[in-house]
Amino acid sequence: MTERYYLRDGVFSQFDTDCPKPFERKASAVTIGTYDGVHLGHRAIISTLVSDAKARGWRSVVITFEPHPRLVLGKTNGAPIFLLSTLNEKLRILETLGVDCVIVIHFTKEFSETPAETFVEEVLVEKIGLAEIVIGYDHMFGKNRGGSFETLVRLAKKHHFTVLQIPEQKVDKHHLSSTAIRRFLEAGEIENANKLLGAPYQLSALVVEGDKRGRTIGFPTANLLPPKEKLIPKIGVYAVEVEVDEKRYRAMMNIGMRPTVQSQASLSLEVHLLEFNGDLYGKELTVRFLARLRDEQKFSSLDALKAQLERDKAAAQRLSSEFSMA
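Rules behind the numbers
Residues numbered from 1 in each chain as written. Predicted model: local features only at pLDDT ≥ 70, side-chain atom pairs only at ≥ 80, totals over all residues. Heavy atoms only, no water. Helix = DSSP H or I, 4+ residues; strand = E, 2+ residues; numbered from the N terminus. Contact = heavy atoms within 4.5 Å. Buried < 20%, exposed > 50% of the residue type's maximum accessible area, 1.4 Å probe, protein only. Pairing = 2+ DSSP bridges. Axes fitted to C-alpha atoms, helices over the stretch in contact; angles between N-to-C directions. Core = buried A, V, L, I, M, F, W, Y, C linked by side-chain atoms within 4.5 Å. Phe/Tyr/Trp six-rings, centres within 6.5 Å; stacked < 30°, edge-to-face > 60°. Patch = residues over 30% accessible without salt bridge, like charges linked within 9 Å, V, L, I, M, F, W, Y side chains within 5 Å. Areas by Shrake-Rupley, 256 points an atom, 1.4 Å probe, with all protein chains shown as cover. Salt bridge = Lys/Arg side-chain N within 4 Å of Asp/Glu carboxyl O. Expected span 1.5 Å × (residues − 1). Arc of directions from axis to C-beta.

**Section: the side chain of Thr-114**
Okay, step 1: Here Thr-114 shows up in the loop between helix H4 (109-112) and helix H5 (116-128).
Okay, step 2: Among residues more than four places away in sequence, those in contact with Thr-114 are Phe-119, Gly-142 and Lys-143.

**Examining the environment of Ala-187**
Okay, step 1: Note on placement: Ala-187 falls in the loop between helix H7 (178-186) and helix H8 (190-197).
Okay, step 2: Residue Ala-187 is classed as partly exposed on the basis of its relative accessible area of 35%.

**Let's talk about the sheet that holds strand E3 (residues 28-32)**
Okay, step 1: Taken in spatial order, the seven strands make up an open sheet running E2-E1-E5-E4-E3-E6-E7, and their pairing is mixed. Two strands close off the open sheet at either side, each with one partner strand: strand E2 (11-14) and strand E7 (162-166). Averaged over neighbouring strand pairs, the angle between their axes works out to 25° when direction is ignored.
Okay, step 2: In this sheet, strand E5 (residues 101-106) lies alongside strand E4 (residues 59-66) in parallel orientation, the contact comprising six bridges. The residue of E5 that forms the bridge with Ile-63 is Ile-103.
Okay, step 3: Sheet strands in contact with helix H1 (residues 40-56) are E3, E4, strand E6 (130-136) and E7, and its direction is about 145° off that of E4.

**Observations concerning the nonpolar core**
Within soluble globular proteins, side chains that are nonpolar generally end up buried alongside one another.
Okay, step 1: In this structure, Leu-224, Val-240, Met-253, Val-271, Leu-285 and Phe-289 are the most contacted members of the largest nonpolar core, which totals 33 residues.
Okay, step 2: For this core, the secondary-structure elements that each account for two or more residues are H7, H8, strand E10 (202-208), strand E11 (222-225), strand E12 (236-244), strand E13 (247-256), strand E14 (268-273) and strand E15 (284-294).
Okay, step 3: Setting aside its immediate chain neighbours within four residues, Leu-285 contacts Leu-203, Ser-204, Ala-205, Val-207, Ala-222, Leu-224, Val-242, Glu-243, Val-244, Val-271 and Leu-280.
Okay, step 4: In terms of nonpolar packing, the next biggest core, distinct from the first, is built from 29 residues, Ile-63, Val-120, Leu-130 and Leu-152 among them.

**What to know about the packing of aromatic side chains**
Okay, step 1: This model, assessed by the stated rule, comprises ten aromatic pairs.
Okay, step 2: Centroid distance Phe-12 to Phe-23: 4.1 Å. Interplanar angle 10°. Geometry classified as stacked. Placement of the pair is Phe-12 in strand E2 and Phe-23 in the loop between E2 and E3, with a sequence separation of eleven residues.
Okay, step 3: Taken together, Phe-65, Phe-107, Phe-111 and Phe-119 form an aromatic cluster joined through their ring pairs.

**Concerning H7**
Okay, step 1: When we look at burial in H7, the residues that qualify are Ser-178, Ala-180, Ile-181, Arg-182, Phe-184 and Leu-185.
Okay, step 2: Those residues of H7 that are buried lie in contact with H1, helix H2 (69-73), strand E9 (174-175) and H8.
Okay, step 3: Phi for Gly-188, located one or two positions after H7, is positive at around 80°.

**Section: the sheet that holds E10**
Okay, step 1: Ordered in space as E10-E11-E14-E13-E12-E15, the six strands form a closed barrel in which the pairing is antiparallel. Adjacent strand axes in the sheet meet at a mean angle of 45°, parallel and antiparallel pairs treated alike.
Okay, step 2: Sheet topology note: the E12/E13 ladder contains nine bridges and is antiparallel. By the bridge assignment for E13, Val-244 is matched with Lys-247.
Okay, step 3: This element, helix H10 (residues 302-320), spans E12, E13 and E15 of the sheet and lies at about 105° to E15.

**Observations regarding a nonpolar patch on the surface**
Okay, step 1: Side chains of Leu-206, Val-208 and Leu-225 sit close together on the surface and give an oily, nonpolar patch of about 250 Å² of accessible area.
Okay, step 2: With respect to the helices and strands, Leu-206 occurs in strand E10.

**Considerations on the pattern of salt bridges**
Okay, step 1: Inspection of every chain in the model, using the stated rule, returns 15 salt bridges.
Okay, step 2: For Lys-230, the salt bridge identified is with Glu-89, shortest N-O distance 2.7 Å. Taken together, the positions of Lys-230 in the loop between E11 and E12 and Glu-89 in helix H3 (residues 87-96) put the pair 141 residues apart, joining distant regions of the chain.
Okay, step 3: On the accessibility criterion, Lys-230 (2% relative accessible area) is buried.
Okay, step 4: On the basis of relative accessibility, which here comes to 1%, the residue Glu-89 falls in the buried class.
Okay, step 5: Among the salt bridges present, the one from Glu-117 reaches Arg-154, with a minimum N-O distance of 2.7 Å. Separated by 37 residues along the polypeptide, Glu-117 in helix H5 and Arg-154 in helix H6 (residues 149-159) bring together distant segments of the chain.
Okay, step 6: Of the residues examined, Arg-154 reaches a relative accessible area of 45% and is grouped as partly exposed.
Okay, step 7: Each of Glu-241, Glu-243, Arg-248 and Arg-288 takes part in a single network of salt bridges with overlapping partners.

**Quick word on H10**
Okay, step 1: The end-to-end C-alpha separation of H10 is 26 Å, in line with the 27 Å expected for 19 residues at 1.5 Å each.
Okay, step 2: All of the buried residues along H10 are Leu-305, Gln-308, Leu-309, Asp-312, Ala-315, Ala-316, Leu-319 and Ser-320. The buried residues of H10 occupy one face: seen down the axis, they fall within an arc of 125°.
Okay, step 3: Elements that come into contact with the buried residues of H10 comprise E12, E13 and E15.

The structure is reproduced here in structure tokens:
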């Protein structure tokens, strides 16, 4: 079980509460980053972190930030930034990777003014017990991103920890970055995005009440309300896998404006579970995107729409059989 701590103004607390929680300082292998999406590049760092910690009897610690630093500092070039993973999604993924401890630092403009050396000495060394730090090839940190690999090497000599830098990771010649994954998702290139992620792109959202029109044509759907900061893939129809109440189901999903039934101004996210009977209202679903089936389109009638949905269902069943449901 991964321990979770919240660090705000230098004080540790229980995750998602304001109650102080004792934090034991001990030898730790540490990595730091936003880890948006926890893609294959991130996983290479975390895999090394966990294996080194186990081999040496250390604790493996991932330090991340909430909110995303770019949201706080406004460095978005005037465009909104959408996240590949919410904090809760990120925490669930990190737990599956065998991390002993995740520390979520409350990121503020004041915190962003912390010099790199101060952060290393007062947080990593004094509070956590830094024995090794594992970073990516381009990692920069601290005020104005003034901390670098060279900064860490210099401080390592003074405070007796080791520094390990993981080289750049590529997949099919694609540069591994959260930005590249966002571009693939916005273009509907699910397969390419999933290759860089090392797992299907996922979206967790609450089921809210819809107009129930899907039931009238034999395709009842769950209407989803995702977090506003979550990146939504390109409009279209997708083969997906849905997890609810710790069970997984084959499904198909429509993202769009519903032009055939009732064209609307706001985006609609609807998912039809292929082998499910029951009430989903108020539940949280985790949707994992497997493949994009087609563009959203307007049909001449409900019968034409239903005929296409039957074809989509067959395609979703066929594609989902190619992916593990384990």
